[in-house]
Amino acid sequence: MAQLTCENLTLGYEGKEIISGLSFSVDKGDYLCIVGENGSGKSTLMKTILGLHSPMKGKIITGDGLLQTEIGYLPQQTVVQKDFPASVREIVVSGFQGKCGIRPFYTKAEKRAALENMKRMSVDDLQKRCYRELSGGQQQRVLLARALCATRKMLLLDEPVAGLDPKVTSEMYSLISKLNKEGITIVMISHDIEAALRYSTHILHIGGDVFFGTKEEFKRGLFISDRSLFNGGEGNG
């Protein structure tokens, strides 16, 4: 059974429909990249999967042992969030908030797990630093460590390399790919078609044209006429 199934979804906000009839599924270990034009509903889809929005029609089903509360999320940051005055350790361990219930403290096991996730993201040496003093790449690593505290199964990432320089972007993609190879399912919104085709197993394109399938099917099908997408933007193939 798929970890995540979206059936005949219609999504929108304030009564305005932006996606209709959308169906796809994500299996354990998949790396799905969601691509499409600005305003096509990518972030709305991700927030609906997380239960932050309700679909106008259709349904979202979790399976294969995945609960909606076990999905980790790395959202796009606002300017205010980037300036958040908390320590790295406080930010990361807060990923366990959804599991605390009415318990007003973090357990020793959660604190140990938070430290392990900081080590996985190579930010454990920053744990006492103030979050707002970090570089953009360091902040994204911290937020990824926080998301890992919420899940061992599936990560939803909304433009995780937005605003990062090329070197840090490459490092971030490598980290995400490593997590996927360790067994975590990745669902990532991206504007970078080239990177999506390099790292993903599946592509979901929404907007004027809707496509869902493997990256090989994507290359052969919907966008094969635009050779520039597959030649680093040079358009010489």
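Residues numbered from 1 in each chain as written. Predicted model: local features only at pLDDT ≥ 70, side-chain atom pairs only at ≥ 80, totals over all residues. Heavy atoms only, no water.

*Asks:* Lay out the nonpolar core with the relevant residues and their values.
*Replies:* Leu144 and Leu155 are the most contacted members of the largest nonpolar core, which has 44 residues in total. Those elements that place two or more of their residues in this core are strand 3 (31-36), helix 3 (88-93), helix 5 (108-120), helix 6 (136-150), strand 6 (154-158), helix 7 (166-181), strand 7 (185-189) and helix 8 (193-199). The element best represented in this core is helix 6, accounting for 7 residues. By size, the runner-up hydrophobic cluster in this structure holds 23 residues, among which are Leu11, Leu32, Ile49 and Leu66. (Core = buried A, V, L, I, M, F, W, Y, C linked by side-chain atoms within 4.5 Å. Buried < 20%, exposed > 50% of the residue type's maximum accessible area, 1.4 Å probe, protein only. Helix = DSSP H or I, 4+ residues; strand = E, 2+ residues; numbered from the N terminus.)

*Asks:* Can you explain the confidence of the model for the protein? Please cite residues and give values.
*Replies:* With 90% of its residues at a pLDDT of 70 or more, the protein shows a mean pLDDT of 88. In the model, residues 224-237 has pLDDT below 50 throughout and makes 14 contacts with residues more than four positions away in sequence or in other chains. (pLDDT = per-residue confidence, 0-100. Contact = heavy atoms within 4.5 Å.)

*Asks:* Before we move on, can you summarise the sheet that holds strand 7 with the specific residues and values?
*Replies:* Across the sheet, which stays open at both edges, the 6 strands sit in the order 5-6-7-3-8-9 with mixed pairing between neighbours. At either margin of the open sheet sits one strand with a lone partner, and together these are strand 5 (71-74) and strand 9 (211-214). Strand-to-strand twist of the sheet, defined as the mean angle between neighbouring strand axes without regard to direction, takes the value 15°. As paired elements, strand 8 (residues 202-206) and strand 9 share 4 bridges and run antiparallel to each other. Residue pairing across strands places His202 opposite Thr214, the latter belonging to strand 9. The strands touched by helix 7 within the sheet are strand 3, strand 5, strand 6 and strand 7, with strand 7 carrying the most contacts at an inclination of about 145°. (Pairing = 2+ DSSP bridges. Axes fitted to C-alpha atoms, helices over the stretch in contact; angles between N-to-C directions.)

*Asks:* Give a detailed account of the layout of surface pockets, specifying residues and quantitative values.
*Replies:* Here the largest pocket defines a volume of roughly 630 Å³. Around the largest pocket sit 23 residues that line it, and Tyr73, Pro75, Ser94, Gly95 and Arg146 are the ones nearest its centre. The set of elements that each furnish at least two residues to the lining of the largest pocket consists of strand 5, helix 4 (97-100) and helix 6. If you add up the space inside the second largest pocket, you get close to 260 Å³. Around the second largest pocket, the lining is made up of 15 residues, and of these Asn117, Leu148, Cys149, Thr151 and Arg152 lie nearest the centre. Of all the secondary-structure elements, those providing two or more residues to the lining of the second largest pocket are helix 5 and helix 6. (1 Å grid on protein atoms, 1.4 Å probe; cavity = no way out; pocket = protein on both sides within 12 Å on 5 of 7 lines; lining within 4 Å. Points joined across faces, edges and corners; volume = space filled by probe spheres on them.)

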